[in-house]
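Residues per chain, in single letters:
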Amino acid sequence: MAREHAPARAAVQKVALAAAALFVLIGVLGFVPGVTAHYGEMTFAGHHSGAKLLGLFQVSVLHNLVHLLFGLVGLVAARRLAGARAFLAGGGALYLVLWLYGFAIDSRESAINFVPVNHADNWLHLALGFGMLATGLLLSNDRGTGSRLDTPIDRP
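Keep in mind that this is a model prediction, so the values were computed, not measured.

### With respect to the overall build of the protein chain
When helices and strands are tallied, the protein chain shows 4 helices and 3 strands. Ordered by position in the sequence, the α and β elements of the protein chain form the string α-β-β-β-α-α-α. Counting across all 156 residues of the protein chain, residues that qualify as buried make up 41%. Residue pairs in contact within the protein chain that sit at least 24 positions apart in sequence constitute 62% of those at least 6 positions apart. Working note: accessible area of the protein chain is about 9000 Å², and carbon and sulfur atoms make up 69% of it.

### Observations regarding the packing of aromatic side chains
Summed over the entire model, instances satisfying the criterion amount to 5 aromatic pairs. With a centroid separation of 5.6 Å and an interplanar angle of 65°, the aromatic rings of Phe 70 and Tyr 95 are classed as edge-to-face. Linking Phe 70 in helix 2 (residues 61–77) with Tyr 95 in helix 3 (residues 81–105), this pair joins segments that are 25 residues apart in sequence. Look at Tyr 95 and you get buried, because its relative accessible area is 6%.

### Observations regarding unusual backbone geometry
Although it is not a glycine, His 38 adopts a positive phi angle of roughly 55°. With respect to the element layout, His 38 can be found in the loop between strand 1 (36–37) and strand 2 (52–53). A positive phi angle, near 60°, is found at Leu 54, a position not held by glycine. With respect to the secondary-structure elements, Leu 54 resides in the loop between strand 2 and strand 3 (57–58). When its relative accessible area of 59% is taken as the criterion, Leu 54 is described as exposed.

### Section: the sheet that holds strand 3
With antiparallel pairing, the 3 strands of this open sheet are ordered in space as 1-2-3. Edge positions in the open sheet fall to strand 1 and strand 3, since each of these has one partner strand only. With 2 bridges connecting them, strand 1 and strand 2 associate as antiparallel partners. Bridge pairing in strand 2 places Thr 36 opposite Leu 53.

### Regarding the packing of helix 1 (residues 11–29) against helix 3
Running from N to C, helix 1 and helix 3 point in directions that differ by 50°, and their axes come no closer than 8 Å. Between helix 1 and helix 3, the angle is such that the two are oblique. Helix-helix and strand crossings are classified by hand; for helix 1 and helix 3 the assignment is left-handed. Note on element contacts: helix 3 touches helix 1 through Leu 81, Ala 84, Arg 85, Phe 87, Leu 88 and Tyr 95, opposite Val 12, Gln 13, Val 15, Ala 16, Ala 19, Ala 20 and Phe 23.

### Comments concerning the side chain of His 125
Note on placement: His 125 falls in helix 4 (residues 119–138). Discounting residues that sit within four places of it in the chain, His 125 has contacts with Tyr 95, Leu 98, Trp 99 and Val 117.

### Considerations on the packing of helix 1 against helix 2
Contact geometry for helix 1 and helix 2: axes closest at 7 Å, N-to-C directions at 155°. It follows from the interaxial angle that helix 1 and helix 2 lie roughly antiparallel. Crossing of helix 1 over helix 2 shows left-handed handedness. Residues Leu 17, Ala 20, Ala 21, Phe 23, Val 24, Ile 26, Gly 27 and Val 28 of helix 1 touch helix 2, and the partners they reach there are Asn 64, His 67, Leu 68, Phe 70, Gly 71, Leu 72, Gly 74 and Leu 75. Counted by class, the contact of helix 1 with helix 2 contains 11 nonpolar, 5 polar and no charged residues.

Rules used in this analysis
- Residues numbered from 1 in each chain as written.
- Predicted model: local features only at pLDDT ≥ 70, side-chain atom pairs only at ≥ 80, totals over all residues.
- Heavy atoms only, no water.
- Helix = DSSP H or I, 4+ residues; strand = E, 2+ residues; numbered from the N terminus.
- Buried < 20%, exposed > 50% of the residue type's maximum accessible area, 1.4 Å probe, protein only.
- Contact = heavy atoms within 4.5 Å.
- Areas by Shrake-Rupley, 256 points an atom, 1.4 Å probe, with all protein chains shown as cover.
- Phe/Tyr/Trp six-rings, centres within 6.5 Å; stacked < 30°, edge-to-face > 60°.
- Pairing = 2+ DSSP bridges.
- Axes fitted to C-alpha atoms, helices over the stretch in contact; angles between N-to-C directions.
- Parallel < 35°, antiparallel > 145°, perpendicular 65-115°, else oblique.
- Left-handed = near helix turned anticlockwise from the far one by under 90°.
- Nonpolar A, V, L, I, M, F, W, Y, C, P; charged D, E, K, R; others polar.

Dropping the structure here:
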C-alpha cells in the first residue's frame, strides 16, 4: 500500500508552527522551579508576583496560562495557510497592543498591571509584535508560501 505524502507546509506555516511551539514551551517553563526564579512567590495574577522566567521576565499563573493557550491556538492555526497568517499577523498586532499597555502603565506596581509585565516583558513584546506582524504580512508567494494569499481559513 502506497503511503500518501502530506503536502509541504508553506514557509509562513512553518514560522507559525515554530512560534506557537515556542509559546507552549515558554508557558510550560513558567511553571518549572529553577527555570523560573522565585517560583514560590508566583501569584495567580497581578503585579505582586515575584516569579521571573529565566530570572528576567515577570510571570504569574495567568501569564503562563495565556502563553500556553496562545501557543495551542497557534498550533491549530498553523495547519492552514490563512490560519498561520492570521496567527502571526493578529498575534503580532496583539503583542504590539500589549507593548503599548505595558508602556502606558510604566510601573509594575500599578493596580492595572494584572498580567503582569515588567520592562523586560515590554521590550520582548515590542520585538515579538513587529516580528510576528512582519512575518505574517510579508511572507508571500514570492517568498515560498506556495499558495494564494487570499485562501480563506475555512477552506483547503
